[in-house]
Structure formats: C-alpha cells, structure tokens
Amino acid sequence: MKIGSRALLLILQNAPVILFLVLLVVFGLMSDRFFAFNNFRNIIIQAAPIAILAIGMTFVLLTGQIDLSVGSSMYLTACVVALYMPDMPWPASLFAVIALGALIGAVNGFAVTRLGIVSFIVTLAMLFVLRGIGMWLSNTRTLMFPDQILTLNRATVLGIPSAIFAFLVVFLCAWALLTQTPFGRQVYAVGGDPDSARKAGLPVSRIVFLCFVLAGICAGIGGFVSITQIGAVGPKYGDQVEFAAIAAAVLGGVSLFGGRGSVGGTVFGAILIKTVQNGLNIINADPYVYPLVTAAIIFLAVAIDGTRTRIIERLERRTIRPLQAV
Amino acid sequence: MSTLLEVSGLTKSFFGVTVLHGVDFVVRPGEALGLVGENGSGKSTSMNILGGVHRPEAGTMRLDGQAYAPQNPKDAISAGIAFIHQELNLFPNLSVEENLFVDAFPRWNGLPFIDRRAIRAQTEAVLHEVDLDIRPSTPVARLSQGERQLVEIAKALSRKARLIIFDEPTTSLTRPEVDRLFGIIAKLKARGIGIIYISHALEDVLAVCDSIAVLRDGHLAGAGPASEMPIGRMISLMVGRSIDTIYPDRQTAPGKQVVLAVEALSQPGVAEKISLEVRAGEIVGLAGLMGSGRSELARMIFGLDRFASGTIRVNGQPLDDPTPEKAIEAGIAFLTEDRRGEGLLMDFTIAENTVIASLDSVAGPLGILDNKRIASVSREMGRSMHLSTDKVEETRVKHLSGGNQQKVVIGKWLRREPTLFILDEPTRGIDVGAKQEVYRIINALTARGSGVLLISSEIEELIGLSDRILTISRGEIVAEFNNRPFDREAIMAAATGQRAWEGASA
Amino acid sequence: MTITPVAETATGATQPPSVLRRLGRLMLSEYFVLVLCVAYVLAIAPFVPEILSWEVASNILSDMMPLLVVAIGQTFVLIIAGIDLSVTAIVSMSAVVGASVMTGTGGYLGDTAFAVPGAVLAMLFTGLVIGAINGFSVIRLNMPSFIVTLATRMFFAGAAVWYVTFHSTSSSIANLPESFAEFATGHLFGIPLTVIAAGLIAVVAHVVLSRTRFGRAVYAVGANPRAARVSGIPVERTILFCFLISGVCASVAATIYVSRMQTGSPIVGENILLDVIGAVVIGGTSLFGGKGKIVWTVFGVLFLLLLDTSMKLLGASLFAIYIIKGGVILLAALVDVARNRWLVGR
C-alpha cells in the first residue's frame, strides 16, 4: 500500500508538468503553427508582465500573506509615467515606476506589520485607493505613452526582445534572492512556521515588510513592461490582474498558507496559462472558452495539490511502533 | 572532580504557589544527569529557569564556576546550553544545512549571498559527529522523527553547546532510533559535554545517565549515582506521598454488562491487535507513557482517527467506521487531553459550551434553540459541578481557571448521559481541589452505571480510581492488573516497557 | 504602537474623561457601525440636505438590496473562515440562465405561464449548483476556498458570457416578461417588493445564525473546527451548507438585478465583489472565522451605500468614491484591531 502511495505521490508531485506536456502535445497535433520558434517567443513575451507581477506575489505568498493591490498599483504607476514624464528618457520612467511601486509596497507592509491589520483587508483597501488616485490624476481618460517608451517594445538586448530580457532579469534576481541569500531562506522560515521563526530570533516583521516592498516593485516593473506592449491605458487597466498573478503562483506550486513554492514554479505557472491561451488562439477555439479552460486548469492543478497534501499527511502520520518492513 | 553546572537552592513560585523548594543538583562535564519525577514535580520549571524563560526567586546557578543568571533564552544559548525538546524546532520546508544556520548565515566573501560551501562543510562535520549519513541539502520534511532529532543535536553542536538538555527524547522514536540516540549521547559525553536527561521512561534514564535526581512536589526527593538508583527506588521516591485521602470511596461495584468491547484493533505503526472491555459502572485505567498509543487508542474508538482493522462494540451494538457523530450517538463521551484545542470553544460562553454536544436536546421545531432552556440547563450544570461562577450566559470559558474549564467539559458530556466516558488526562494542569471534584464526578458517573476508560500519566490517580488497570506500550496492551491493591512499581515498570514485569499480568 | 483614542482610554483607564469612556464603550458595542452611519448622515447633511429626503432614503434602501443579499451569504462563508470570491460569477450566470428561460425571443419557457416561476427556479438552481461545486471542492478535495472560488469565479464569469451567445445576438438577453419587472418596481403596502424579499432573507438568516442548531454549528466550525468535530458537529456538512447558502443568496440577488434592468447580462454585478467583502468586514465579521452577525452585515452594507450615495450627491467623481471607500475599509480594520487590543487588555 505504501509503495503504491509513493508512486501516486510522484505522479501528483509532477502533475503540473505532465499537464503542460499533455497540452503541448494536444495543441501541437491540432496545429502545426504551434510548435514554431516564433510562437514560443510570443508566448513568453505575452507572459512577461504577468510573470513579473506573479514573481513579486510569490514573495508575499511565501510569507503567508496576500497582496490584492498589485493591479491597481500597476495602473497608478502607469498613470504617473504617462502624465508626468512624457519627455523623460525611459530609464527615468522605469526608475520612477520602481520607486513608486516600492513606496506602495512599503505602505502595505507597514499596515500589515506595524498596525497589525490583516493583509487581505489592507491590500483590498489599497486596491480601491490606488485606482482612485490613478483615476483622479488621469481624470479617468485613456492615456497614451510617449514614443521613447513604445519603441522599447521592438528593442532587443543582445538579440533578446526587451520584454523577455526584463523578465529574465527579474526572474534571476528573484531566484538569487530567494535561494542564495540569508533573507530568502528566512522568508521560507517565516512562512513555514512564524512562531518558530520568532523563537529562532528572526526579524519576522522586517522580512514580511520587505516582501511587500518587493511585490510593489515587481508590480511597477510588470506594469512598465506591459505598457510598452499595449501603448495606452484606460481606467480598467490592471483590473483583476492580482487574481491572475495569484493563479499563476498557485499553479506553479506556491502555497497560499506560506512557506512552500518557488519563483521557477511561478514562472512556469504564468507561462502555462499563456500557453493555454495561445494554443486556443492558434487552433481557432471560440474565444469565449479561454477563461473556462484556464479556470479548469487552475482548478485541476490545485485539486491535485490538495490530494497530494492529503497523501503526504497520511504517509507522515506519527508512528509509535515500527512499521512492518515495507 | 570539576563541575559544569551547579544548581543550588532553586526556588520558584507562581501566583503564590511554590512549585520549586530549594532544589539542588550538579552536572559534571562528560556526565549525564537523569531528572525524573511525575508531571508537576518541578522538572519543567527548573529547566525553564535554566533556559532563561523564568527567573528564580532564590537560589544560584554556576556554569563552569561562573555565576549564571540568564535573562532570556538567548542568554542561555550563548552560554552554551541547548535544549532538545519533544517538539522539535526545525523548519521542515528548509534543508538540514539551512536549519543549522537560519538565524546567522555565513556570507560569501562579504557579499549578501550565503556561503554555501562553508555551511555545507560545517554541516557535514557536525552530521558526521552525530553519525547521521544524509546530505546537508536534504529537506528536513523528508527526515524521520529520529533523524530530525539528530539534526537538532547537530545544531546544538554547531553552536558549541556545553550542556545539552533532552526532554522526553524517545517518545516518538522507534527502538532502533532510540539505540542510535543513546550511542550519540555516549559520544557527546566522551567529548566532555554535559547532559541533562528528562524522561518518564525510567529504563532509558538508567541506560543513559551516570547520576539521577528525583523530584517530587517541587522538592528534591532523592539523588545519587545511577548504580544506587534501581528503577524500584526511583519509583518509590517519585510516588512516595500518601494518596488514600484524595480519592473518594466507591459506593458501587462494577456491573456485568459490557458497555465497550474492542477487539483486535490495529493500525500500522500505531496499534497492534488491541482488545479490551469496559463494563457498566467500571473504571478501567489505561497506563502508558506519553506516545505509547494510549491517546491514539481513545481517538480511534471515538472516530477521530482511522484504524485498519478490528471491531468496536458499544452496548453490544457494532460501531462501524466510527465518526465522532456516530460515537456520540452510540453513547460515548470523550474528554480529550487537549482541553484548549479540542475540548472547548474558548471564545464561547459556558452556556454555549455546555450544550454544544447536545444541541438536539435544547432545540425545538426547525432546530430553533430554546435559549431559556439552555440557560437553565447550563446553570444546573454549573451548580452540580460546583462551578466558580453562575453567570453561565456571560462568562466565556477562556476566562475560567483550568479546573473550572475541565468541569465545563465534563458537564457538557454528562448532559448526554454517556454509557461510556473516555477521559484522557482529566486532571492535567488543574489544582488539587479541582482534582478532587473531578474524582467525585467520575465516581458519581459510575454509580449511575456508566463505564469509564481513564487515561492518565499519574500512576497514583489510576491506582486510586480504577477497578482494573491495563498498561499499553508502543501500541500494544502489555499487561493487565485485576486486583486491588495495585502494585504501583509493577504497573510503572510495565508501562515503561520493562519485560521483566510481564509475569505480573493476570 | 498605534495611537488611537481607544488605546489612550485603555492606558489611562484610571481617570478617563467620561466622554472618552463613553466613546470607548460605544466602539465596543454591537451597534457601533450603525452609530457610525447615523453620525455620518448628521455630519454630511449640512452639505447634502437631500440625504435626509424620503426619496434618497428609499433609493438607498432599494440599491442596498441586491448587495445586502449577497453579503448575507458571504457572512456565512466568512464565519466558517472561508471566503467566496465566486459570488459575482454566480450572479452573472444566474442572470443569463434565468433570462434564457423566460425571454420572449426563443426562451425555453418564453411566453408560457411558467416563464417567470421557471426562470426563478432555474436561477436559484444555478446558485445552488455553483455553491455545491465550491463546497464539495473545499471539503472533499482539500482545496483552500480562496482558490476554489477564484477558479469557479473565472469559469462561470466566462461561461456566462459564452452562454449568452447561444441565446442572443447581442451581449445580453432581453425581451423579458413584463410581469418579472414588477419584482423590482412593485410595492406591497407601500414597501418595495425587493426590500420585503431582502428583509425576509435577512431576518431568516439572522434567526438561523443566532437561534438555531445549524447557526451554532457554523460558529463552532469557524471558531475551532477540531473542537467542533470532537463535540459531534458535522463539520464538513456545515461547510458545504454555508457555500450553498452563499450560492443561493447570490442567485437571489441576480433575480433583483435582472428584474430591475429587464435584461440578463453577464456583466451584471461584475464589480460588487469588493463591495460585498468590504461591507461584511466593515460590519465587523472576522476573516479568520467564528465571529460575525447578520445585523453587522446589514449595517456594513448600509454604511457603504450611504457613503456611495452621499458622494454621488456631493458630485464626487468615481475616483473620489474609490479613494474614500478604500480609506473607510482601512479605517474600519484599524478600529477593529484597536477594539480587539482593548478587549484583550481588559
């Protein structure tokens, strides 16, 4: 029985990857355009903004918190760039976006760690406030972006399209931060068991605070990459994006309860979602079924994860006496 | 001979109750001191003082000849004192090496990156010292309980601990793991590290320790080299107090009818072919160490945990695939050992808790609750339980004392007039007066014809109350004692897994 | 530490000015949000005297109803420490299903005597089914309710849009029977029918939560599922029922929306999710479960609507309303934190 469970566990553990491979095969069989190099490049370009956002979300989720404000944060930073920096070179805009994102994250982090308000409520309120400020600044008009930003979309770095380059930079930084630095490992410790972390003398509040700041920064960068692609933003820009980011992270194996997940997984989740949409597009599926298929895949992945957790719990049930030899 | 730790005249009281009366003991480098005593004898208080959690009112501690007065747990750690608790303080989602250094990672060339090579080398070194052959990058989640404990020891070594305190280290270990642990402890001693070993498993204490100190009611009841402390002597020092007075006389004798019949209950790794019977009006005591499977057995009968095979009958009726709902319907009540987590809804009022397991009896048509009736039955419960307050509708149970909380738990179940009451540690953490109340209630219960399955860590309590005592060890019933007066040494020995006492079983 | 009036009264408990003490007592009272509503109306009345007019009041009342019904269902789910993000999708799905049943242009029961009752049943059934999917996923598949309902929200919001394409050439289903519109416009004894319906639901929900076995079970499961289980409470069934209630409540709200707009649109109620959760939490229901009341939710919804209406009367733009709404949610949470700290300190 135990061996059977272990084998099942192995399958469940890799379920999202298996799901991904199945999708590739299905789409590949249905259209020969799917397996083109250009198509994969497009998928990654399309996935870049949401993936960057989701990477930031990963930090917050790893500590067991949530950030619902990233979509509005994205909108507000875009408004600021369009309204106040039309003649500035793009690096200045990018810097402004990062600084503003960090500030928003700091407000969230402050309210959660110092005022002791639940992150769900803090960031829900910020969702309203930030969007309101953005609409106020822009007078709820649709804003156009200057050429120096729009040309970024076609620019390449070392032959890599700018969106993919930005995505790679954020990914590598986040990966290094989470896996190679003391801070990153302490993020996992805090999310895994806040009480033990406190007992071990870790600066729990500071770690949570910094994670919100990072999520804010990623929202700014993700928004910036996205505006180079779409060129104009209306008052609905970034609406519901927070849910897409959470979905990508969860699909990639990040736990909502903290302590489990990786940026690699999150990126995989974001690409998986875009692949589904791209594949449906290529096989000329009814556009109405896109959200249905996406939702079904998220549901499936999380249901599998739930089953996996149950099996692990059963396997790890405390034993009092030695088990008979397996 | 030099001493590592010298404790003298340690005194401490909580809320006016003195729990430590001038306790002295000494730990020498390279030696293990066994600290034994029943729950509430002062073991954990003295260890909390040593660990900087509490401060003593009187008494001194000297570590390596220096005065030692920790103000907080950090002081204790930096002084070289490490605790290996029953509940380990590891992060299962991190690797072994990361757990060792999580609060102080070495940096790589001054950059903000972890020096992986350094922590790997240091981890490998300490893992080697505890004979743990795993890769430092293994996630702790994949380790067995025994391996995790060795990781904790390795962590202590990596922090240059001079004194390591083990608190019930063997309860969740398998026998080979226990042997392995003892080997490591011997190695630690050889390196000159001092050990304090706390356990209810007296056999283990003898196997590990060089000297033994026995605590009873906050006093040092006796101390000496292990060679002069056979198990029998330890037990009589531990339970030395006269106990006849606090246990009320039983007016009625057990009946004939079997209210609970468990047959060949098995669950891999937890229980092996457990069979037992409880008759109407009978109190059956279940003696065993923490982690022996005694609570797990109760949880399986009540439908909280699953079991692989075996049958349970209540009043002759089979209880198949039990769930708590079915078990309650069949007439079982269960007082769990975790009063705050499972016994009560701490934010609810006394009245709400009183009726929570018997809502059907206070609900009218459409399930509408009769608040007047709830108030009156709750007040009635409060009176018969001698509760400290009669404001049952206003008082939340979290504001009650432990003893009063326990009375509410019992009162809640008595409303169902159970045919079988399973009591798991009914008097843990409550004062003597409340204990007597609980004993009185248990007796009254049997007089009404209910059967009782009583689980307790306190042997005297079992002896004072039970008609029959079963001992359980590592998931098996190992002995049965049928006749008063019970031989407490024999029961304790059987519960601690002493094969020699098996002859005593009837 | 945070500096709030409450914290000050707490520390200076020996000789607090009686005003502060009274304020403190008020903040701890059940009716705090209602008092806040009254205070708000009084404060704002000099600037927008219309708010005291019968017309505005009755507008607020009837605007409240769909939101209130959804919020009542959400209250049940929040008390068991869950969350239901799918309510807006349930509203949309129910709306288009109901409309497709009763529309005069090719509806399943269009132009028959059963059009309206059939449509209402279909809508309630839709809510029940989605609620059941949510509930079973949480209890059987061991999934966190946040993700379950996030997925069902995406799914059914998309499905509602798609569904319309089979029944209409435009983006919504129109030509609904006129008798159905009467639900939104009709009155009984001078009271709008929707208010009667929502009021009835609120009263029933209040009685169920505060006075029945089931209600007790809901609180127990939310406060401590382990202790509830040991006491013989059917934990899983209770969780399932709460999601069913939330689903049905959302579909009842859908009947109100459809009747008022006379069209079954998949974007109906698209934007109410954050209002719903915001209103329940402003009322004082905890996101961690075990604590919450229907009256609190009523006050919370009332407060949010007062805010909305007064801002509109003041000529505030949408963005100002957003900012103020966010600020109020934050403030309510802060007050709640302060209240709890003070309660613990007592």
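The rules behind each value
- Residues numbered from 1 in each chain as written.
- Chains lettered and ligands numbered in written order.
- Predicted model: local features only at pLDDT ≥ 70, side-chain atom pairs only at ≥ 80, totals over all residues.
- Heavy atoms only, no water.
- Helix = DSSP H or I, 4+ residues; strand = E, 2+ residues; numbered from the N terminus.
- Rg over C-alpha atoms; globule rule 2.2 N^0.38 Å.
- Buried < 20%, exposed > 50% of the residue type's maximum accessible area, 1.4 Å probe, protein only.
- Contact = heavy atoms within 4.5 Å.
- Buried area = accessible area lost by both parts, 1.4 Å probe.
- Salt bridge = Lys/Arg side-chain N within 4 Å of Asp/Glu carboxyl O.
- Nonpolar A, V, L, I, M, F, W, Y, C, P; charged D, E, K, R; others polar.
- Disulfide = S-S within 2.5 Å.
- pLDDT = per-residue confidence, 0-100.
- Pairing = 2+ DSSP bridges.
- Axes fitted to C-alpha atoms, helices over the stretch in contact; angles between N-to-C directions.
- Patch = residues over 30% accessible without salt bridge, like charges linked within 9 Å, V, L, I, M, F, W, Y side chains within 5 Å.
- Areas by Shrake-Rupley, 256 points an atom, 1.4 Å probe, with all protein chains shown as cover.
- Domains from an automatic or database assignment.
- Polar contact = N/O pair within 3.5 Å; in protein donor to acceptor, adjacent residues only side chain to side chain.

### Quick word on the overall build of chain C
Broken down by element type, chain C carries 15 helices and two strands. For chain C, whose C-alpha radius of gyration is 21 Å, the value lies close to the compact-globule estimate of 20 Å for 346 residues. Once the C-alpha set of chain C is aligned to its principal axes, its extents read approximately 75 × 55 × 35 Å. Each of the 346 residues in chain C was classed as buried or not, and the buried ones make up 56%.

### What to know about the interface of chain B and chain A
If you look at the interface, chain B gives 32 residues, while chain A gives 25 residues. When chain B packs against chain A, close to 2,500 Å² is buried across both sides, 54% of that on carbon and sulfur atoms. By the criterion of area lost to chain A, the three top residues of chain B are Phe-91, Asn-93 and Gly-269 of chain B, representing 21% of everything that side buries. Linking chain B with chain A are one salt bridge. We note a salt bridge from Arg-185 of chain A to Glu-98 of chain B, for which the minimum N-O separation is 2.6 Å. Elements that contribute at least two residues to the side of chain B that touches chain A include exactly β8 (111-114) and β14 (271-279) of chain B. For the side of chain B that touches chain A, the per-class residue count stands at twelve nonpolar, ten polar and ten charged.

### Re the state of the cysteines
Residue and element names in this part refer to chain C. One pass over the full model with this rule turns up zero disulfides over all chains. Sulfur of Cys-242: no disulfide; nearest cysteine sulfur belongs to Cys-249 and is 11 Å away. Accessibility expressed as a relative area gives 0% for Cys-242, which makes it buried.

### Details of the confidence of the model for chain C
Averaged over all residues, the pLDDT of chain C is 85; the fraction at 70 or higher stands at 91%. Between residues 1-15 of chain C, whose pLDDT stays under 50, and residues either more than four places distant or in other chains, the model counts 15 contacts.

### Concerning the sheet that holds strand β5 (residues 66-67) of chain B
Remark on secondary structure: sheet strands pair via backbone hydrogen bonds, oriented parallel or antiparallel. All names here are of chain B. Overall, antiparallel pairing links the four strands, which are arranged β2-β1-β4-β5 in an open sheet. At either end of the open sheet lies a strand with only one pairing partner, and these are β2 (17-27) and β5. Here two bridges tie strand β4 (residues 58-63) to β5, and the two strands are oriented antiparallel to one another. From the neighbouring strand, Leu-63 faces β5, where its bridge partner is Gln-66. Across the sheet, helix α1 (residues 43-50) lies against β1 (5-14), β2 and β4, angled at about 115° from β1, the strand it touches most.

### Considering the sheet that holds strand β21 (residues 468-473) of chain B
Residues and elements named next belong to chain B. Reading across from one edge, β18-β19-β20-β15-β21-β22 is the order of the six strands in this open sheet, with mixed pairing throughout. Both outer strands of the open sheet, β18 (332-335) and β22 (476-481), are each paired with one neighbouring strand and no more. Taken pair by pair, the neighbouring strands of this sheet meet at an average axis angle of 20°, ignoring direction. Here strand β15 (residues 283-287) runs beside β21; their pairing, made up of four bridges, is parallel. Bridge pairing in β21 places Val-284 opposite Arg-468. On the sheet, helix α14 (residues 402-414) packs against β18 and β19 (420-424) and is oriented at approximately 170° with respect to β18. Helix α17 (residues 488-495) contacts β15, β21 and β22 of the sheet and is inclined by roughly 30° relative to β21.

### Overview of a nonpolar patch on the surface
Residue and element names in this part refer to chain A. On the surface, a cluster of nonpolar side chains totalling about 670 Å² of accessible area is made up of Ile-11, Ile-18, Val-22, Val-25, Val-26, Leu-29 and Met-30. No other element matches the six residues that helix α2 (residues 15-30) contributes to the nonpolar patch. With respect to the helices and strands, the residue Val-25 is situated in helix α2.

### Notes on the domain arrangement of chain B
Residues and elements named next belong to chain B. On domain assignment, one finds that chain B holds domain 1 (5-239) and domain 2 (244-342 + 418-504). Taking both partners together, domain 1 and domain 2 bury about 1,400 Å²; carbon and sulfur atoms supply 55% of that area. If you tally residues by element for the side of domain 1 that touches domain 2, the top one is helix α8 (residues 231-239), at six residues. In the side of domain 1 that touches domain 2, the residues fall into eight nonpolar, six polar and three charged.

### Overview of the pattern of salt bridges
Residue and element names in this part refer to chain C. All told, the structure shown has 30 salt bridges over all chains when counted by the stated rule. Ionic pairing is found between Arg-260 and Asp-63, a salt bridge with its closest N-O pair at 3.9 Å. Of this pair, Arg-260 sits in helix α12 (residues 235-261) while Asp-63 sits in helix α4 (residues 54-79); the two residues are 197 residues apart in sequence, bridging distant segments of the chain.

### Considerations on the pairing of β22 of chain B
All names here are of chain B. Strand direction decides the pairing type here: β21 and β22, joined by five bridges, are antiparallel. Bridge pairing links Ile-472 to Ile-477 in β22. In textbook terms, the turn of a hairpin is the stretch between consecutive antiparallel strands, and for β21 and β22 this stretch comprises two residues, one of which, Arg-474, has a positive phi near 45°.

### What about the interface of chain A and chain C?
Accessible area lost on assembly of the parts is the figure often given for the size of an interface. Tallying the contact residues gives 44 residues for chain A and 45 residues for chain C. The contact between chain A and chain C buries some 3,900 Å² in all, and 83% of this surface belongs to carbon and sulfur atoms. There are zero salt bridges connecting chain A and chain C. The interface formed by chain A and chain C contains two residue pairs in polar contact (both at pLDDT 80 or more). For the side of chain A that touches chain C, the secondary-structure elements that each account for two or more residues are α6 (119-138), α12 (241-251) and α14 (289-315) of chain A. Top element by residues in the side of chain A that touches chain C is α14 of chain A. It accounts for 14 residues. Its residues assigned to classes, the side of chain A that touches chain C shows 31 nonpolar, eight polar and five charged.

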